[in-house]
Amino acid sequence: MNTESFALRHIGPRPEDISEMCKVIGVESLDQLIYETIPDDIKLEKKLDLPKALSEYNFASHINDLSQKNQVFKSYIGLGYHEAILPAVIQRNILENPGWYTAYTPYQAEIAQGRLEALLNFQTVVSELTGMEIANASLLDESTSASEAMTLLHAVRDRQQKKNNVIKFFVDENVLPQTLAVLETRSEPLNIELVVGDPGDFDFSEEFFGVLLQYPGKNGLIRDFEAFTQEAIQNNIKVAVAADILSLVKLEAPGDWGADVVVGTTQRFGIPLGYGGPHAAYFATKEEYKRSLPGRIIGVTKDMDGERSLRMALQTREQHIKRDRATSNICTAQVLLAVMAGMYAVYHGPKGLKFIADKVHKNTVKLSDTLEKLGYRQENELFFDTIHVNADAKKIKTLAEERRVNFYYPNSDAVVISLNETTSDEDLNTIAEIFADVINETSIEVSTIDKDLIADHKLGRQTEFMTHEVFNSYHSETALMRYIKKLERKDLSLNHSMISLGSCTMKLNAASEMLPLSNPQWGNIHPFVPKEQAKGYREMLTNLEKHLTEITGFAATSLQPNSGAQGEFAGLMTIRAYHHSNNEDHRNICLVPSSAHGTNPASAVMAGMKVVVVKANENGNIDVDDLRAKAEKHKENLAALMVTYPSTHGVFESAIIEITDIVHDKGGQVYMDGANMNAQVGLTSPGRIGADVCHLNLHKTFAIPHGGGGPGVGPICVAEQLVPFLPTNPVIEVGGEQGISAISSAPFGSSLVCLISYGYIRMLGEQGLTASTKTAILNTNYVKAKLSKHYKTLYSGERGRAAHEMIIDCRHFTKMYGIEVKDVAKRLIDYGFHAPTVSFPVAGTLMIEPTESENKEELDRFCDAMISIREEVENSSKDDEDNILKNSPHTLAMITADEWTFPYSRKKAAFPLDYLNENKFWPTTRRVDEAYGDRNLMCSCAPVEEYV
């Protein structure tokens, strides 16, 4: 065995297993299987042009050398990004722990109680610091969170405002520049009119439905917005506030002075800068808007025994129900980062956060006093951590960069300095020396005054926060380490067993790909530093863009979208901009297959398009005749087709080139959803099938961990004609010459985790990537073959093969045996497996995707479990509700109880197959009551007794 081959470590089946698996499938070889799976006319004609594969050892050296090209200055740029201290206990036990970073979104609540509790903690911190009634379990970044606030307030306009077409939204001129850019992107296709100005001059006209205020402002000034907010309320104008979460430890909460929505980022709660992300944004609002709240909400409910349990409240993502009527396409949160930020709050508690906030503020006061003694004018009368100094920006910048210091320079006569929890007295004196040197004065040592401008001010915080026991119990490292481990043990992650989720590609997230994330040379770079300081990042990101461009067969790539849903939106916005550049603004029809992901129609509407649904035929493929008829009917206005390939049903549709040709002939562009790219890499490509743009889920195909529901990265790759329209950024120059405005806050989105995908590609190389794709197809068809006598596969290709995922049909179980597909899913927990995707894209089915990382032994265990469950189904009856499937999953408390009243044995309940004797996973709660939780919505850490 070649111990230097990363592919041998990443790919599960051993070479000697492949021939045996092929025999079970009924093919002579893996090449024959690929021949029978992928249509001939879309196969690549040459190998991918990628660098030679690196060993894990050589990649470690390579990535370390690249990191040394980054210059880590002390950055006081601010603008929503601040260096923070990540406690080592959180770094080691969460960020670097596969028990946390390999978990999936907690749709199966019974095996996700740990993550759910950590997210409930996060929501509680956000609700209490913002003074709002309800918060979600994170969004993507502050800018997109602010844009979600705008669209929520637009959606909840009253009947009269909608009738009068009230479309104006006022934006505080002190909003962060990247937030304004994303607001521009999101407002334009929805016909929301932005008006930017000074809140002091706002006239509260009935033409406005909402406003966005920045608290504190981008240059640090804190304004009292209570009277403004009350006047807005009196004039039926709703108020959103973008607030710095650490400042809310000292400042009165916006909810207490009447705000309707409060948004921001939790990055400074211990999350590395990472050249822009990933970071967990927050979104808090009033309970009356809970049905319009974007993203995910964690709530309290009870299980079958009436015990307290947690689950995702209002669980089914709204875009899968509302589709083109959805107000948001946020299907990706930043769960791993939200968990870390929540644990930062648990570890420090309210007293620790007060200490940190006090230190930051008092240091800022000391610096302001020192600079004023040197003769500088500081503009902000009231501030938290940021001062606005009148000075020669060019001279300051030159001297500062010589001292390895970055400030923010809004214009030639101003320097803005934002301090953070890492700032020491030595750092303050360095800053003072820079300003003294510019005017040839002797520096003044920063004084040790203990002065607090906020404490006795009207805006000083009076209300308590984080009073719950969880925030006042785990302040030693031992205590927090054990709390984290307690929660981890409640969750089933990829380090326990296969998670075979169709459409989600839960593959190995290799340790060698993850290690660079802990390196401060990558972690401590502010996204708005001069590009010379980020040469390592720039080289890595540029090469990753080139590799993704080559893999997709396109002309260019943008890494800015920080989720798959954002990638969809970005891709459609480039298409929109392309049509507008051709004076074809009228092209607004988007064809969407009926089987498409629910985010597809939601994204189309967000991009200002009208959705026309294309039927599927009896084989689950796009009905080409229906597509042709609708393309002809709408040819004057056709903007795009959204297509997933292989299809959402797990099939390589042989008519794909005909499909893309039909759309192009009518003047439309083809958007390909990259969710199923794991079946394409090295064998075919979006460019080869005739698409014009695709988004890629780096958290699927390219090995970024799901982290319990994020971080996600959704870059877009585009054909030549769309290159000029790639997204830009208002602070750092990126994107096309006619680029759309920003999609996310940072110029390269979640740059830090792009290191993972870069490592994945560099260590696999062309051969390893292609072998991974072939093995993903092999593993799925092996499972399909082994289950074929027990379950019906719903769709297959023309030669009877699945792609990288398959759908098994459980719909007849209910009629024959009284068993629903959710009973099969919950029973799988007893066998130590996370359920495959339930009831998507077809109700009453399971969609299975094993991925290339799973070895034959694990596939066999999974198949044995599914076959055993099928036998249990057949032993059930419609008249018997007290059967083993309806009672699943079985907890340790049930199995060890003195009394056992069930009509089957304890062994059958908990240890139905022998492999479980040595590796048993115990769910910590019985099946949760979803309906009860939605009727009694509770989304913070209050005692459950109050709600029962």
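Criteria and cut-off values
Residues numbered from 1 in each chain as written. Predicted model: local features only at pLDDT ≥ 70, side-chain atom pairs only at ≥ 80, totals over all residues. Heavy atoms only, no water. Core = buried A, V, L, I, M, F, W, Y, C linked by side-chain atoms within 4.5 Å. Buried < 20%, exposed > 50% of the residue type's maximum accessible area, 1.4 Å probe, protein only. Contact = heavy atoms within 4.5 Å. Phe/Tyr/Trp six-rings, centres within 6.5 Å; stacked < 30°, edge-to-face > 60°. Helix = DSSP H or I, 4+ residues; strand = E, 2+ residues; numbered from the N terminus. Lys NZ or Arg CZ within 6 Å of the ring centre and 35° of its normal. Salt bridge = Lys/Arg side-chain N within 4 Å of Asp/Glu carboxyl O. 1 Å grid on protein atoms, 1.4 Å probe; cavity = no way out; pocket = protein on both sides within 12 Å on 5 of 7 lines; lining within 4 Å. Points joined across faces, edges and corners; volume = space filled by probe spheres on them. Nonpolar A, V, L, I, M, F, W, Y, C, P; charged D, E, K, R; others polar. Axes fitted to C-alpha atoms, helices over the stretch in contact; angles between N-to-C directions. Parallel < 35°, antiparallel > 145°, perpendicular 65-115°, else oblique. Left-handed = near helix turned anticlockwise from the far one by under 90°.

Asks: Can you walk me through the nonpolar core in this structure?
Replies: Where a protein is soluble and globular, its nonpolar side chains tend to be buried together. Ranked by size, the top nonpolar core spans 226 residues in total, and within it Tyr 215, Phe 269 and Met 343 carry the most contacts. Beyond its immediate sequence surroundings of up to four residues, Phe 269 is in contact with Val 125, Leu 129, Ile 245, Leu 246, Met 340, Ala 341, Tyr 344, Ala 345 and Leu 353. Judged by nonpolar contacts, the second largest core, of 28 residues, contains Ala 556, Val 592, Met 642 and Leu 722.

Asks: Help me understand the packing of aromatic side chains, please; the structure alone is not making it clear to me.
Replies: Given two aromatic rings, one states the distance between the centres and the angle between the planes to describe the pair. Under the criterion given, the structure shown has 33 aromatic pairs. Here Phe 269 and Tyr 344 contribute two aromatic rings whose centre-to-centre distance is 5.2 Å and whose plane-to-plane angle is 25 degrees, an arrangement assigned as stacked. Here Tyr 344 lies in helix α13 (residues 335–373) and Phe 269 lies in the loop between β7 (261–265) and β8 (281–285), a separation of 75 residues in the sequence. A single burial state applies to Phe 269 and to Tyr 344, both of which are buried. With a centroid separation of 5.8 Å and an interplanar angle of 80 degrees, the aromatic rings of Phe 911 and Trp 922 are classed as edge-to-face. Pair noted here: Phe 911 is in the loop between α30 (906–910) and α31 (930–935) and Trp 922 is in the loop between α30 and α31, with a separation of 11 residues, a long-range link. Under the relative-accessibility criterion, Phe 911 is labelled partly exposed at 23%. Relative accessible area serves as the criterion here: at 22%, Trp 922 is assigned to the partly exposed category. Ring pairs connect the aromatic residues Phe 170, Phe 202, Phe 204, Phe 208, Tyr 215, Phe 225, Phe 228 and Trp 257, which therefore count as one cluster. Over the face of the ring belonging to Phe 911 we find Lys 920, whose NZ or CZ atom lies 5.7 Å from the ring centre.

Asks: It is not clear to me how unusual backbone geometry should be interpreted in this structure. Could you clarify?
Replies: Trans is the common state for peptide bonds, and a negative phi is the common state for residues other than glycine. Across the junction of Gly 277 and Pro 278, the peptide omega takes the value 10 degrees, indicating a cis bond. By the secondary structure assignment, Pro 278 is in the loop between β7 and β8. The omega torsion of the bond from Ser 888 to Pro 889 falls at -5 degrees, within 30 degrees of zero and hence cis. Even without being a glycine, Asn 236 presents a positive backbone phi close to 60 degrees. Within the secondary structure layout, Asn 236 lies in the loop between α11 (226–234) and β6 (238–243). The partly exposed category is assigned to Asn 236, whose relative accessible area is 32%. Residue Asn 583 is not a glycine yet carries a positive backbone phi of 60 degrees. By secondary structure assignment, the location of Asn 583 is in the loop between α20 (564–581) and β17 (589–593).

Asks: Could you clarify how one ought to interpret the pattern of salt bridges in this entry?
Replies: Where charged atoms from two side chains of opposite charge approach closely, those side chains can pair. One pass over the full model with this rule turns up 49 salt bridges. As a salt-bridge pair, Arg 115 and Asp 491 come within 2.9 Å of each other at their nearest N and O atoms. Taken together, the residues Arg 115 in helix α7 (residues 113–130) and Asp 491 in the loop between α16 (477–488) and α17 (511–514) connect sequence positions 376 residues apart. Each of the two residues, Arg 115 as well as Asp 491, counts as buried. The closest approach of N and O atoms between Lys 635 and Glu 632, which form a salt bridge, is 3.0 Å. Residues joined by salt bridges that share partners form a network here, namely Glu 20, Lys 786, Lys 856 and Asp 860.

Asks: Honestly, empty space enclosed by the protein in this entry has me stumped. Any pointers?
Replies: Over the atoms rolls a probe the size of a water molecule, and in doing so it shows where empty space is left. Going through the model one piece at a time under the given rule, you end up with nine cavities of 30 Å³ or more. In this structure, the largest cavity occupies an estimated 230 Å³ of space. Lining the largest cavity are 22 residues; nearest its centre among them are Gly 80, His 82, Leu 176, Pro 216 and Asp 244. Partitioning the lining of the largest cavity into residue classes produces seven nonpolar, 10 polar and five charged. When its volume is computed, the second largest cavity comes out at roughly 120 Å³. As for the second largest cavity, its lining consists of 14 residues, and the residues nearest its centre are Leu 95, Pro 278, Leu 337, Leu 517 and Val 753.

Asks: It is not clear to me how the packing of helix α5 (residues 88–95) against α16 should be interpreted in this structure. Could you clarify?
Replies: Two numbers describe a pair of packed helices, the interaxial angle and the distance between the axes. Where α5 contacts α16, the axes come no closer than 10 Å and their chain directions differ by 20 degrees. Relative to α16, the element α5 lies roughly parallel. Crossing of α5 against α16: the hand is right-handed. Contacts from Val 89, Ile 90, Asn 93 and Ile 94 of α5 reach α16 at Glu 477, Leu 480, Met 481 and Ile 484. When grouped by side-chain class, the residues that make up the contact of α5 with α16 number six nonpolar, one polar and one charged.

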